[in-house]
Structures are given as C-alpha cells and as structure tokens.
Amino acid sequence: MRVLITRPEREATALATALAERGHAPLIAPLFQVETLSPPPEFAAFLASTQAVLLSSANGARALAETTEQRGLRIFAVGDTTASTAEGLGFTSVASASGDGGAVTWTVAS
C-alpha cells in the first residue's frame, strides 16, 4: 500500500520507517514546517505565575522546553505522545487526557 505522510518531517521520518517495516511504500510530503518563535520579554514572568500549561502536541512540548528551563511546571497534555515527550524533556508534573478531549477537565488548585 502506498501511504502519503503529510506531517512535519521530524515526525514523518519515524512514521515512514515504521510503515516501510510493515511493507508499505511511504511518501513524505510535509504540508507545514514547525518553527519555534521567540517568546515576548514578559514570557518568563508570566510562566512563573502560571498554574499549569496545556500542551496539545509533542511540538508544543519541545517548543516549551526550548523556551524555559522550568521543569516543575504542571503540564496537562491532550495525548499520551505529548505527555511522554514532555516527560522525556524533563517536565516532572505531567498528566495526559489520552486523546480524549472530554477528559481535559482537570482541576487546578489555587
């Protein structure tokens, strides 16, 4: 089976390898490129006063890790891959909704 992979190249390469190992013929054609922008000057202070960060992708986890050394932030991840990426980057308080949008109802203590 031929498979078109439109994810950004970083994620597409691993997926293409896994598909090829299963006998498929992957074609990588990324439709967008991930670029981490510099946060505004007040970002560090804002982040320090934030109760939690909601991450919706592994790319978001990587971008957050690139912009701060704070690893004790409370992280809510929409999916398990995002959660494991955040944990792999050293974030120590990570919860996952396991891809269930309705499960993103965690409460944050004041």
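Residues numbered from 1 in each chain as written. Predicted model: local features only at pLDDT ≥ 70, side-chain atom pairs only at ≥ 80, totals over all residues. Heavy atoms only, no water.

> Give me the lowdown on helix α4 (residues 80-88), citing residues and values where you can.
Those residues of α4 lying buried are T82, A83, T85 and A86. Projection of α4 onto a plane perpendicular to its axis shows the buried side chains occupying an angular sector of 165°, all on one side. Among the exposed residues of α4, those pointing more than 90 degrees away from its buried face are T81 and G88. One or two residues past the end of α4 sits G90, with phi positive at roughly 100°. (Buried < 20%, exposed > 50% of the residue type's maximum accessible area, 1.4 Å probe, protein only. Helix = DSSP H or I, 4+ residues; strand = E, 2+ residues; numbered from the N terminus. Arc of directions from axis to C-beta.)

> Describe the environment of G79, naming the residues involved and giving the relevant values.
Position of G79 among the secondary structure elements: in the loop between β4 (74-77) and α4. Note on G79: relative accessible area 16%, which makes it buried. With 74 residues separating them in the primary sequence, G79 and I5 have C-alpha atoms 20 Å apart. Once residues within four sequence positions are removed from consideration, G79 is found in contact with S96, S98 and G99. (Contact = heavy atoms within 4.5 Å.)

> An account of the layout of surface pockets is requested, with residue identities and associated values reported.
For the largest pocket, the calculated volume is near 220 Å³. Taken together, R7, R10, E11, A14, L15, S57, A58, N59, R62, T81 and T85 form the lining of the largest pocket. Among the elements of the structure, α1 (9-21), α3 (58-67) and α4 are those that each provide at least two residues to the lining of the largest pocket. Top contributing element to the lining of the largest pocket by residue count: α1, with four residues. Grouping the amino acids of the lining of the largest pocket by side-chain chemistry returns three nonpolar, four polar and four charged. (1 Å grid on protein atoms, 1.4 Å probe; cavity = no way out; pocket = protein on both sides within 12 Å on 5 of 7 lines; lining within 4 Å. Points joined across faces, edges and corners; volume = space filled by probe spheres on them. Nonpolar A, V, L, I, M, F, W, Y, C, P; charged D, E, K, R; others polar.)

> Residue-level account of a nonpolar patch on the surface, with values.
Together, L31, F32 and V34 line one region of the surface with nonpolar side chains, adding up to about 320 Å² of accessible area. By secondary structure assignment, the location of L31 is in the loop between β2 (25-28) and α2 (43-48). Among the residues examined, L31 registers a relative accessible area of 68% and is labelled exposed. (Patch = residues over 30% accessible without salt bridge, like charges linked within 9 Å, V, L, I, M, F, W, Y side chains within 5 Å. Areas by Shrake-Rupley, 256 points an atom, 1.4 Å probe, with all protein chains shown as cover. Salt bridge = Lys/Arg side-chain N within 4 Å of Asp/Glu carboxyl O.)

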